[in-house]
Amino acid sequence: MASTCRRNSVFSRFIPGWLQRAMQRAFHHLFHSRNCIFIILHLALEGAVYSEYTWEIFRYCLELEFSLYHLLLPYLLLIINLFFFFLSCTTNPGIITKSNEASFLQVYEYDEVIFLKNMKCPTCDLRKPARSKHCSVCNRCVHRFDHHCIWVNNCIGALNARYFLIYLLTLTAMAANIAIITTAFLIHLVLISGMTLGTYFDDHGQEQPVDIAFLIQYLFLTFPRIVFMLGFVIVLCLLLGGYVCFTLYLAVTNQTSNEWYKSSRAKCHRCHNSDPVQDKTSAYKNIYAKGAWTNLQEIFKPITDYEKKK
């Protein structure tokens, strides 16, 4: 707390008060209120990558007689991705209202550790079904709440989790596919040019055999946009790949991000707190896991408010 105050005082010396307030308002608008800025950014980035792919990679690869089916695959993935992106943005994630409150209360059992019976949401003035949570961004309670995603400007809950998962999978596949085709194109250019057999003169005037560093520098100077795009999609693919693995792990074990975070935090507290109440929380066991296949089925065919998991 003291370190935070010191940092704030340091910032206040160099940043005018009006600018600090403007930055705080902008930060709040971006990350703590519903807006379409990240949707626009998402579409702009996809448009930039596909424009570069279409006008340079696709055209050059056709001249080099790459397989047309492989070159068209990113466009098929784009169509599928945009469809599920739209569904993730617009589908009701499972908003709890007065009319469906009683039905949602019957869907999941309370584990009496993370989710307690007879709890009320003070904001919505509704009883909280097990696995639900109030989203401070959307200002509503969501059934089987996972998280609020700024990229789709919507909560991820029971009724749109399957769309979000397919959206993530196709987005990762798009990035990987474009990275593979672009890398294959650049390697093909290097091989047919015979550059790997050549030499160059370094800064000291000495003749050196062509190495990887020289090839990367040469390709960047010759095809700067292509190499920059390749670096971007590789980083994106790695980040998305990690997040997809985490999301699949949650799906297979029938957890949400919210539940994983709360259970992990409770386990951490066990090391520092011997309070019996904390020990009870630390002993959390996931009662919703019913086996990998059944857990995945629950994602793609969520339990409705009219049927209860046996």
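Because the structure is a prediction, the values reported are computed rather than measured.

Caption draft 1: Seen up close, the overall build of the protein chain. Regarding its fold elements, the protein chain presents 11 helices and 8 strands. Residues classed as buried in the protein chain amount to 38% of the 310 residues present. Nonlocal contacts in the protein chain, meaning residues at least 24 apart in sequence, comprise 65% of its contacts between residues at least 6 apart. For the protein chain, the computed accessible surface area is about 18400 Å², with 66% contributed by carbon and sulfur atoms.

Caption draft 2: Here's a closer look at a nonpolar patch on the surface. A cluster of nonpolar side chains, contributed by Leu41, Leu45, Trp151 and Phe232, occupies part of the molecular surface with about 320 Å² of accessible area. In this structure, Phe232 sits in helix α8 (residues 224-252).

Caption draft 3: Local environment of the packing of aromatic side chains. Inspection of the entire model under this criterion finds 16 aromatic pairs. Ring geometry for Tyr60 versus Phe223: centroids 6.3 Å apart, planes at 65°, classification edge-to-face. You can see Tyr60 sitting in helix α3 (residues 37-63) and its partner Phe223 sitting in the loop between α7 (212-222) and α8, a full 163 residues away along the chain. Judged by relative accessible area, which is 23%, Tyr60 ranks as partly exposed. Using a relative accessible area of 18% as the deciding quantity, one classes Phe223 as buried. Judged by centre distance (5.9 Å) and plane angle (40°), the ring pair of Phe164 and Tyr167 falls under tilted. Here Phe164 pairs with Tyr167, and both are found in helix α6 (residues 161-193), just 3 residues apart, close to one helical turn. A relative accessible area of 4% means that Phe164 is categorised as buried. Classification of Tyr167 by relative accessible area gives buried; the value is 3%. Among the aromatic residues, ring-to-ring pairing joins Tyr50, Tyr53, Phe58 and Tyr75 into one connected group. Over the ring of Tyr108 we find Arg131; its NZ or CZ atom is 4.8 Å from the centre of that ring. The lysine or arginine in question, Arg131, covers the ring of Tyr288, its NZ or CZ lying 4.3 Å from the ring centre.

Caption draft 4: Representation of the nonpolar core in the model. The biggest cluster of nonpolar side chains holds 43 residues, and the ones touching the most others in it are Tyr53, Ile57, Val152, Tyr167, Ile178, Leu186 and Val233. Counting only elements with at least two residues in this core, the list comes to α3, α4 (68-90), α6, α7 and α8. The element contributing the most residues to this core is α6, with 13 residues. If near-sequence neighbours (up to four positions away) are discounted, Tyr53 is found in contact with Phe58, His70, Leu71, Pro74, Tyr75, Ile178, Ile181 and Met229.

Caption draft 5: Region of the structure containing the pattern of salt bridges. Summed over the entire model, instances satisfying the criterion amount to 7 salt bridges. One salt bridge in this structure joins Arg225 and Glu56, with 2.5 Å as the shortest N-O distance. With Arg225 in helix α8 and Glu56 in helix α3, this residue pair connects regions lying 169 residues apart in the sequence. A residue is classified by how much of its surface remains accessible, and Arg225, at 53% relative accessible area, is exposed. Overall, the relative accessible area of 10% leaves Glu56 in the buried class.

Caption draft 6: Expanded view of the UniProt feature "transmembrane region" (unreviewed entry) in the protein chain. The positions UniProt marks with the feature "transmembrane region" (unreviewed entry) are residues 31-51, 71-89, 164-191 and 226-252. In residues 164-191, helix accounts for 100% and strand for 0%; the two terminal C-alpha atoms are 40 Å from one another.

Caption draft 7: Focus on the side chain of Glu46. Summarising the element assignment, Glu46 is placed in helix α3. Buried Glu46, no salt bridge; nearest opposite-charge side chain is Arg34, N-O distance 18 Å. Beyond its immediate chain neighbours, meaning those up to four positions away, Glu46 contacts Leu78, Asn81, Leu82, Leu171 and Met174.

Caption draft 8: Broad picture of unusual backbone geometry. Even without being glycine, Asn118 reaches a positive phi, approximately 60°. Mapped onto the elements, Asn118 comes out in the loop between α5 (101-104) and β1 (120-121). The residue Asn254 is not glycine, and still its phi comes out positive at about 55°. With respect to the helices and strands, the residue Asn254 is situated in the loop between α8 and α9 (257-270).

Caption draft 9: Highlighting the state of the cysteines. In the structure shown here, the tally under the stated rule is 0 disulfides. Cys121 takes part in no disulfide bond, and the closest cysteine sulfur, belonging to Cys141, lies 3.4 Å away. Among the residues examined, Cys121 registers a relative accessible area of 3% and is labelled buried.

Caption draft 10: Inspection of the confidence of the model for the protein chain at higher detail. The share of residues in the protein chain with pLDDT of 70 or more is 86%, and the mean pLDDT across the chain is 86. Within the protein chain, α4 carries the highest mean pLDDT (97), whereas helix α10 (residues 276-282) carries the lowest (49). Confidence drops under a pLDDT of 50 for residues 305-310, and excluding neighbours within four residues, the segment shows 16 contacts in the predicted structure.

About the thresholds
- Residues numbered from 1 in each chain as written.
- Predicted model: local features only at pLDDT ≥ 70, side-chain atom pairs only at ≥ 80, totals over all residues.
- Heavy atoms only, no water.
- Helix = DSSP H or I, 4+ residues; strand = E, 2+ residues; numbered from the N terminus.
- Buried < 20%, exposed > 50% of the residue type's maximum accessible area, 1.4 Å probe, protein only.
- Contact = heavy atoms within 4.5 Å.
- Areas by Shrake-Rupley, 256 points an atom, 1.4 Å probe, with all protein chains shown as cover.
- Patch = residues over 30% accessible without salt bridge, like charges linked within 9 Å, V, L, I, M, F, W, Y side chains within 5 Å.
- Salt bridge = Lys/Arg side-chain N within 4 Å of Asp/Glu carboxyl O.
- Phe/Tyr/Trp six-rings, centres within 6.5 Å; stacked < 30°, edge-to-face > 60°.
- Lys NZ or Arg CZ within 6 Å of the ring centre and 35° of its normal.
- Core = buried A, V, L, I, M, F, W, Y, C linked by side-chain atoms within 4.5 Å.
- UniProt positions renumbered as here; feature names shortened; annotations may be inferred.
- Lys, Arg positive; Asp, Glu negative; His and termini not counted.
- Disulfide = S-S within 2.5 Å.
- pLDDT = per-residue confidence, 0-100.

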